[in-house]
Amino acid sequence: MGEQTNQVQLKNFNRRTVLNYIRKNKTATKAGLATATGLTFMAIKKILEELEGLHLIRCDEMEAGGMGRRAVTYAVNETYRYTVGIHINKFVTSIALMDLRGEILEVERCSMQQEFPNQNAFVELLVSGIEKVIKKSGIEKEKLLGIGVGVPGPVDTENGIILTPPNIPMLSYLPLKEILEQKCGYSVYVQKDTNVIAFGEYWYGDGSGRNNRNDCYDLAYVDVDMGIGSGLIIDGKLNIGANSIAGEFGHITIDINGPLCNCGNRGCLEAMSSGIAVLRELKAQLEKEPEHPLYEKRENLVIEDVFKMAEKKDLLTISILNQSALYVGVAISNLINILDPQIIILGGILIQKYPRYFDIVTNVANSRKVKGAKENYIAVSKLGENAGVIGAGEIVADNFFNEKVNELFCKNA
Ligand SMILES: [Zn+2]
């Protein structure tokens, strides 16, 4: 009996390995699968037939190398099931419906620059957005695997509760998983926003095609926005840490006597470099510069003011932005010294809106890290504003391809 169970487990493990290899590589051949997995050609052939029979993958035949030769490749059947990914941000909440290859079929964006009378009103906004994308896509409701949500941290991921987000206090202690599961009837996965973005970048962003595709690798996503945060993928898996605070990059100390941070500590990276820190520093400097064009506006500055002035070659705003980038570069050199990830992706408003920011960060990071080692690959996010919804949906897909898929295999044992 025990031996039989072990055999079934091993069979399912091999099936998942083949399926997830195809998923990660977008397409795969029998020969490529045999080399990558170490399984025999016959075993691969049998597993592929099973996966095709379950409609999890499809087989494409293509002309290859002329002379009428055909190459057979395998890909995930992207229309087998669908996911909903939600990204809740201080400014906008995005709700998207995706297929199993991370393609967005429908997306709804709702402004967060409105007063929500209570948490219920916000939940209703999410529920109607979810219903809208399902309806507009025209998919059958049974084909939706679940809903992934990226929320501002800190988060109790196990119970899906948003804790005390400093930038959106209205959401404090919202048990989002429980409420959405009740209202929508699907499985709901709640995860910190920067973690879902990192996951999106790993699967579909600049991270997906790099490196040796056979290997799982490490990726760090660093978000430099009004706040600063990060998400870490270690060996292909999301790393949330022992107490869900891994990747709290904004709260590493840069200056022990520095300005007070909203976490209670002094001189955190977020207190020195974030969009909020940039605005605070600009206001302080403007008090001494009554001739400056932003002097009159100093009590009501918004981050766009800073970018506009920097674009006009204004020295004050440029020096504040450069200083902010310098600290982020120092912090990233520390990150490289500890983790040495293959890929570092940078995103967020300061990276996107001030072109020199990225160059300063990479130069500082590379010049301050341990000398002699090869340079790490550092890039600006290419998924941009969609990284969050794509990653949130992929967390649902990942659970399917690694856990729920076993139920299908068992029926087909
Ligand atoms: Zn802090």
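Residues numbered from 1 in each chain as written. Predicted model: local features only at pLDDT ≥ 70, side-chain atom pairs only at ≥ 80, totals over all residues. Heavy atoms only, no water.

The protein chain has the name Glucokinase in an unreviewed UniProt entry, where Eisenbergiella tayi is given as its organism. Listed under Sequence similarities (unreviewed entry) in UniProt, the entry text for the protein chain is "Belongs to the ROK (NagC/XylR) family." Here the protein chain is described in UniProt, under the heading Function (unreviewed entry), as follows: "Transcriptional repressor of xylose-utilizing enzymes." (UniProt positions renumbered as here; feature names shortened; annotations may be inferred.)

A. View of the pattern of salt bridges. A complete count under the given rule lists 17 salt bridges for this structure. In this structure, Glu385 and Arg109 form a salt bridge, with 3.4 Å as the shortest nitrogen-oxygen distance. With a gap of 276 residues between them, Glu385 in the loop between strand 14 (377-380) and helix 13 (387-411) and Arg109 in strand 5 (residues 104-111) connect regions that are remote in the sequence. Relative accessible area serves as the criterion here: at 34%, Arg109 is assigned to the partly exposed category. Of the charged contacts, one joins Arg298 and Glu287 as a salt bridge, the two residues approaching to 3.3 Å between their closest N and O atoms. Of the two residues, Arg298 is situated in the loop between helix 8 (275-286) and helix 9 (303-311) and Glu287 in the loop between helix 8 and helix 9; the sequence distance between them amounts to 11 residues. Given a relative accessible area of 39%, Glu287 falls into the partly exposed group. (Salt bridge = Lys/Arg side-chain N within 4 Å of Asp/Glu carboxyl O. Helix = DSSP H or I, 4+ residues; strand = E, 2+ residues; numbered from the N terminus. Buried < 20%, exposed > 50% of the residue type's maximum accessible area, 1.4 Å probe, protein only.)

B. Summary view of helix 9. Regarding helix 9, the residues found buried are Ile303, Asp305, Val306, Phe307, Met309 and Ala310. Those residues of helix 9 that are buried lie in contact with helix 8, helix 10 (315-339) and helix 11 (349-353). Just beyond helix 9, the residue with positive phi is Lys313, at close to 65°. (Contact = heavy atoms within 4.5 Å.)

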